[in-house]
Amino acid sequence: MTKPPRPAYADRSSVIGVEGSGTGVREGQYADRSSVASARRLTAAEFQGLATVPAAVEWFANLANPRTRRAYQGDIEDFCQFVGLHTPEQFREVTRAHVLAWRRQFEQRGLSGATQRRKLAALASLFDHLLDRNAVAGGNPVHGVKRPKIDSNEGKTPALADHQAKALLEAPDPASIKGQRDRAILAVLLYHGLRREEAACLQVDDLQQRRGLQHLRIHGKGGKLRYVPLHPVAAERLHTYLEASGHHLGQDKAPLFRPLRGPKTGSGISAEGIYALVGQYAKAAGIAVAGLGVHGLRATAATNALEHEADIAKVQAWLGHANISTTKLYDRRHSRPEDSPTFKVHY
């Protein structure tokens, strides 16, 4: 099998870090040309290279979330391979007919509606950027191409019942340092609805006092910060863990959750490590829920808050959702199994 060609946007993948510099000109005196040249940080070749970076490369570099970047990279590579694009200039020749043909191929490949929507969203985002930079003309060819409807108004991410969430919270051994750390991690996830990347990025100084209450400072998607009041259960477990580990003493920038094995690099537990941890304790607690992961705990927290009459707009801000329609996927108050007409049938 031959390796598919690299897409047009990937022709230039390196980004040169540029530091600001001064000319060192004194008052009333011009600096000579040699001092100006020595203060300059970019070579002529580097300057010219940056001036000719394609707009598509800039778009890709501005995708802050690594998972989004990986997914969108695959999507754009898929489109470029399908249409046969090899240079950035060929994006100017793309029409709606090309996009429609690509979408028809999705159905032949049996792609899910969610995957189809993401692929079209990736291409639409790229062309919006190209239009903004005048790299293409004539409008966005993805606009007007219908995307598959979402199957239902309820998200597919599984959420735990209350008794399952309690069992998961109690699964780690409270007598060991690992168990104390993991009890704190599970409490942070189930009481605050964090994404796994957000939990992995927490540092000791992200525990902050605001208006007399302890809060978590959360570094969300797109570099957005949000502050969430710390639940008493999570606060107690974090205190127990930090008192036992002691790694927070005099180290405000230390990771909140440290790995216990491997070389001491100063880094915190990884997002993948948190994902594996959730699966391990779910199995230990006898929780057999297909597809359960960290996002399932996020769905559990949001569903529980909404069922206990939390305002949906506040839940949106609490979860860090940009659009309230995403939050509504967690609103399962009208589809509780115990409220089903099944249990109203009597003979």
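Here, the structure is the one placed above.
We now turn to the structure provided with this report. Here the residue numbering is sequential within each chain, running from 1 through the sequence in written order. Reporting in this predicted model follows two pLDDT cut-offs: at least 70 for local features of residues, and 80 or more for side-chain atom pairs to be given and counted; totals over whole chains, interfaces and linings ignore these cut-offs and use all residues. Side-chain descriptors were evaluated using all non-hydrogen atoms of the structure, hydrogens and water having been removed beforehand.

1. Structural notes on the sheet that holds strand β3 (residues 225-229)
Part 1 of the argument: Two strands are counted as paired when DSSP detects at least two bridges linking them. To qualify as a helix, a DSSP run of H or I must reach at least 4 residues; to qualify as a strand, a run of E must reach at least 2; elements of each kind are numbered from the N terminus. The three strands are arranged β1-β2-β3 in an open sheet whose pairing can be described as antiparallel. With partners counted over all chains shown, the strands left at the sheet margins are β1 (207-210) and β3, one partner each. Adjacent strand axes in the sheet meet at a mean angle of 40°, parallel and antiparallel pairs treated alike.
Part 2 of the argument: As judged from the four bridges shared by β1 and strand β2 (residues 213-219), these two strands associate in the antiparallel manner. Note that in β2 the partner of Gln-208 across the bridge is His-215. For helices, the axis comes from a line fit to the C-alpha atoms of the stretch in contact; other axes are also lines fit to C-alpha atoms, and the angle between any two N-to-C directions lies between 0 and 180 degrees.

2. Some thoughts on the nonpolar core
Part 1 of the argument: Buried residues of nine kinds, namely Ala, Val, Leu, Ile, Met, Phe, Trp, Tyr and Cys, make up a nonpolar core once their side-chain atoms join them within 4.5 Å. Under the scheme applied here, a residue whose accessible area is under 20% of the maximum for its type counts as buried, over 50% as exposed, and between as partly exposed, the area being computed with a 1.4 Å probe on protein chains only. Among the nonpolar cores identified, the biggest contains 47 residues, and Leu-168, Leu-186, Leu-189, Leu-238, Phe-257, Ile-274 and Leu-297 are the most heavily contacted of them.
Part 2 of the argument: For this core, the secondary structure elements donating two or more residues are α7 (162-169), α8 (177-192), α9 (196-201), β2, α10 (232-245), α11 (271-284), α12 (294-307) and α13 (312-319).
Part 3 of the argument: With residues up to four places along the chain from it excluded, the contact list for Ile-274 reads Ile-185, Leu-189, Arg-196, Ala-199, Ala-200, Ile-269 and Val-294.
Part 4 of the argument: Formed by 25 residues, the second largest nonpolar core is a distinct cluster that contains Ala-56, Leu-63, Ile-76 and Phe-127. By definition in these notes, contact holds between two residues if any of their heavy atoms fall within 4.5 Å.

3. Considering α8
Part 1 of the argument: Working rule for helices: expected span equals 1.5 Å times residues minus one. Compared with the 22 Å implied by 1.5 Å per residue over 16 residues, the 22 Å span of α8 between its first and last C-alpha is a close match.
Part 2 of the argument: By the criterion of burial, α8 is predominantly enclosed, with 13 of the 16 residues buried.
Part 3 of the argument: Taken from the residues just after α8, Gly-193 is the one with a positive phi, measuring 65°.

4. Quick word on the pattern of salt bridges
Part 1 of the argument: Salt bridge, as used here, is a side-chain nitrogen of Lys or Arg placed within 4 Å of a carboxyl oxygen of Asp or Glu. What the rule picks out here adds up to 15 salt bridges.
Part 2 of the argument: One salt bridge in this structure joins Asp-75 and Arg-118, with 2.8 Å as the shortest N-O distance. One end of the pair, Asp-75, is in helix α4 (residues 66-83); the other, Arg-118, is in helix α6 (residues 113-132), with 43 residues separating them in the sequence.
Part 3 of the argument: Among the residues examined, Asp-75 registers a relative accessible area of 1% and is labelled buried.
Part 4 of the argument: Its relative accessible area of 32% is what places Arg-118 among the partly exposed residues.
Part 5 of the argument: By sharing partners, the salt bridges in this structure join Asp-75, Asp-78, Arg-109, Arg-118 and Lys-119 into a single network.

5. Quick notes on the packing of helix α5 (residues 96-109) against α6
Part 1 of the argument: Orientation of α5 relative to α6, taken along the N-to-C sense of each, is 160°, at an axis distance of 11 Å. Taken as axis vectors, α5 and α6 run roughly antiparallel relative to one another. In this structure, α5 meets α6 at a crossing whose hand is right-handed. Contact residues: Val-99, Trp-102, Arg-103, Phe-106 and Arg-109 in α5; Gln-116, Lys-119, Leu-120 and Leu-123 in α6.
Part 2 of the argument: Each residue gets one of three labels, nonpolar for Ala, Val, Leu, Ile, Met, Phe, Trp, Tyr, Cys and Pro, charged for Asp, Glu, Lys and Arg, and polar for the others, Gly among them. Of the residues that constitute the contact of α5 with α6, the class distribution is five nonpolar, one polar and three charged. For this classification, under 35 degrees means roughly parallel, over 145 means roughly antiparallel, 65 to 115 means roughly perpendicular, and everything else is oblique. What makes a crossing left-handed is the near helix being turned counterclockwise from the far one by less than a right angle; a clockwise turn instead makes it right-handed.

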